[in-house]
Amino acid sequence: MSRPVEIVEVGPRDGLQSEPGVLPTAAKIELIERLTDAGLRRLEVTSFVNPKKVPQMADAEAVLAGLRKRDGVRYIGLVLNQKGFERALAAGCNEVGMAVVASDTFNRRNQGVGTDESIAAWLAIAREAKAAGVRAQVTVSAAFGCPFEGEMPVARVLEVAQRVAEAEPFEIAFADTIGVGVPAQVSEIIGRAREVLPKTVQLRAHFHNTRNTGLANAYAAVDAGVSALDSSVGGIGGCPFAPAATGNIPTEDLVYMLSRSGFQTGIDLDKLVATTEWLQQTLGRSVPGMLVKAGNFPKPASACAA
Ligand code: MG
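Residues numbered from 1 in each chain as written. Predicted model: local features only at pLDDT ≥ 70, side-chain atom pairs only at ≥ 80, totals over all residues. Heavy atoms only, no water.

1. As for helix 8 (residues 183-196)
Counting along an α-helix, one turn takes 3.6 residues, and residues three or four places apart therefore face a common direction. Quick note on the threshold: Helix and strand assignments follow DSSP, with helices taken as H or I runs no shorter than four residues and strands as E runs no shorter than two, numbered in order from the N terminus. Multiplying one less than the number of residues by 1.5 Å gives the expected span of a helix. The buried label applies to any residue whose accessible area, calculated with a 1.4 Å probe on protein chains only, is under 20% of its type's maximum; exposed applies above 50%, and partly exposed to all values in between. Think of it as the arc spanned by the lines of direction from the helix axis to the C-beta atoms. Two residues qualify as a contact provided that any one of their heavy atoms is within 4.5 Å of a heavy atom in the partner residue.
Over its 14 residues, helix 8 extends 20 Å from the first C-alpha to the last, a length consistent with the 20 Å expected when each residue adds 1.5 Å. For helix 8, the complete set of buried residues consists of Q185, V186, I189, I190 and A193. An end-on view of helix 8 places all buried positions within 115 degrees of arc, on one side of the element. Across helix 8 from its buried face, at more than 90 degrees, point the exposed residues A184 and E195. Here the buried face of helix 8 lies against helix 7 (154-165), strand 6 (171-176), strand 7 (202-207) and helix 9 (214-224).

This is how it looks when you write it as structure tokens:
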């Protein structure tokens, strides 16, 4: 196997939104700059949501304003509704990501409206994004299980995906928001999505490592045909609706697995690990990722002990 796999770094959003404290804006900007230096070209840099509900993302506009925008880099703003989309557009995001939850109960808890209303909002946002020349993609959240409704029928997940596909996005993602998915499920959902969605739609997957199945799920997703995967530096993050949830799959662990399996990610693993080490110092604690502890392999010959 040898083909490119695109990595979308979600640490600055999905990771930091679950931190107990709020990282200063300058530190968020430095994190994003360091990740870009390491070769990441798509980054979910913030979310445009209610600052009362998610105080960690209250500085969304300031983060965008402070970034040194580089050519060829996608600065993604996560939005959940029209108001968020308008803020993301005004702040200068060159890609927006919208989330629609497969579970109606979860959608109501997270977004204050039912799944149908979020789908309608997405269809309008996609139209407006196209008119504004901004790339837009959408995630089907809780696609592998819901903390309130339990198992998500595959037919329901595909139905939501087909409805959001009507906006002709370049990409649709499937998210294991709470970290309950297993590889067999991933193979089925991604495989079925590939069959029922238009061939022009690229697929992406988003995993949390809550039950230690994250990297296995990522490999199954690549095997089933996704062209991109979300991950967070150091594996930071959690989920407000999943007690004891760990973060996303760690970016450096994912890069290690993919590159040693022959996939191209375009990421400099040494620079990425240095960024994770910096992040540990900045947060004042160790992160869940394992590569930062174990180290890369093989090490340069000069680094080997005699
Ligand atoms: Mg997530």
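After that view of the structure, there is still more to cover.
2. Some words on the coordination of the magnesium ion
Here is the rule we go by: A donor here means any N, O or S atom no more than 2.8 Å from the metal (3.2 Å for Na, K and Ca); water is not included, so a site may seem to lack partners.
Those donors, D14 (OD), H206 (NE2) and H208 (NE2), are the protein atoms that reach the magnesium ion, and they lie 2.0 to 2.3 Å from it. Motif for the magnesium ion, donor spacing along one chain: D-x191-H-x1-H. A relative accessible area of 2% means that H208 is categorised as buried.

3. Some remarks on the side chain of K28
Structurally, the position occupied by K28 is in helix 2 (residues 25-37). The exposure class of K28 is buried, given its relative accessible area of 4%. Excluding residues that lie within four positions of it along the chain, K28 makes contacts with L16, L23, Q56, M57, D59 and V63.

4. Overview of the pattern of salt bridges
Put simply, the rule reads: Salt bridge, as used here, is a side-chain nitrogen of Lys or Arg placed within 4 Å of a carboxyl oxygen of Asp or Glu.
Under the criterion given, the structure shown has 20 salt bridges. Here E171 and R42 are joined by a salt bridge, their closest N and O atoms 2.8 Å apart. Placement of E171 in strand 6 and of R42 in strand 2 (residues 42-48) is noted, with a sequence separation of 129 residues between them. Like E171, the residue R42 is buried in the burial classification. The residue R87 makes a salt bridge to E61 at a minimum N-O spacing of 2.8 Å. Of the two residues, R87 sits in helix 4 (residues 82-91) while E61 sits in helix 3 (residues 60-66), which places them 26 residues apart along the sequence. Residue class for R87 comes out partly exposed when judged on its relative accessible area of 21%.

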